[in-house]
Amino acid sequence: DTIKTALNATSKTTAQTKTVTDNITVTLSLGFNVSLSSADEVIGLPSQPVVFKHILQNTGLLPDSYSTSAVNLTNDGSDLLGLNVFADSNNNGVYDAGIDSLVTGPIPLNPQQQVTLFVVGTTPADAKLNDKINVALQVQETRTGLSKNVVDTVSVVAATLGSKNGDYSVDKQR
């Protein structure tokens, strides 16, 4: 946008008026201004919790809010159970069960502010060796409705229980 300005100055001694006009161009980036980091692939055992760490940042010039959702993707080995997104409440960069906050609504962020998010789920008991489980984290900007997705992957390693006269052992394979 261009703003036209005019400055009038009047001399006290001569009563002459001088006017200066100028144009000021203002550019605001009102587009989709968000950064969402990818997470490293996680190695998981059946029936075990897995955690993916992401950084969400408002890279724009205006305050905004972001809704999040985590969903299992189809056409992979299985689905994670109990998927949830948590915000790092104590800002230590590590998921702390019982401390970090379950995200239940939009996350407000000022310009350049960021928050650490954790996608948390449990690998199913029937997951098989070398299964790949894919989960999408979606972040939707409240102001524009635009969204960004990243895909998280769990690679399952097998854990089998065998019993010999009530004596249990765990064999891990990769």
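Residues numbered from 1 in each chain as written. Predicted model: local features only at pLDDT ≥ 70, side-chain atom pairs only at ≥ 80, totals over all residues. Heavy atoms only, no water.

Caption draft 1: Region of the structure containing the packing of aromatic side chains. For the structure on display, the rule yields two aromatic pairs. Centre to centre, the rings of Phe-86 and Tyr-95 are 5.3 Å apart; their planes meet at 55 degrees, and the pair counts as tilted. The class of Phe-86 is buried, set by a relative accessible area of 13%. A relative accessible area of 22% means that Tyr-95 is categorised as partly exposed. Taken together, Phe-86, Tyr-95 and Phe-118 form an aromatic cluster joined through their ring pairs. (Phe/Tyr/Trp six-rings, centres within 6.5 Å; stacked < 30°, edge-to-face > 60°. Buried < 20%, exposed > 50% of the residue type's maximum accessible area, 1.4 Å probe, protein only.)

Caption draft 2: Structural context of the pairing of strand 6 (residues 64–72). Looking at chain direction, strand 6 and strand 9 (residues 107–109) are connected through three bridges and run antiparallel. If you follow Ser-65 over to strand 9, its bridge partner there is Pro-108. Alignment of strand 6 against strand 11 (residues 132–141), held across seven bridges, turns out to be antiparallel. Following the sheet pairing, Tyr-66 is matched in strand 11 by Glu-141. (Pairing = 2+ DSSP bridges. Helix = DSSP H or I, 4+ residues; strand = E, 2+ residues; numbered from the N terminus.)

Caption draft 3: Representation of the pairing of strand 10 (residues 114–122) within the structure. Summarising burial for strand 10: seven of the nine residues are buried, a large majority. The sheet contact formed by strand 5 (residues 49–58) and strand 10 spans nine bridges and is antiparallel. From the neighbouring strand, Val-51 faces strand 10, where its bridge partner is Val-120. Pairing of strand 7 (residues 81–87) with strand 10, which is carried by five bridges, proceeds in the antiparallel orientation. Among the inter-strand pairings, Ala-87 is bridged to a residue of strand 10, identified as Leu-117.

Caption draft 4: Seen up close, the side chain of Asp-152. Here Asp-152 lies in strand 12 (residues 147–156). The side chain of Asp-152 sits in the buried core without any salt bridge; Lys-148 is the nearest counter-charge, 12 Å away. Polar contacts involving the side chain of Asp-152 include one to the side chain of His-54, which spans 2.9 Å. Once you skip the residues sitting within four places of it in the chain, Asp-152 turns out to touch Ala-39, Phe-52, His-54, Val-119, Ile-133, Asn-134 and Val-135. (Lys, Arg positive; Asp, Glu negative; His and termini not counted. Salt bridge = Lys/Arg side-chain N within 4 Å of Asp/Glu carboxyl O. Polar contact = N/O pair within 3.5 Å; in protein donor to acceptor, adjacent residues only side chain to side chain. Contact = heavy atoms within 4.5 Å.)

So yeah, pure geometry; function would need other evidence.
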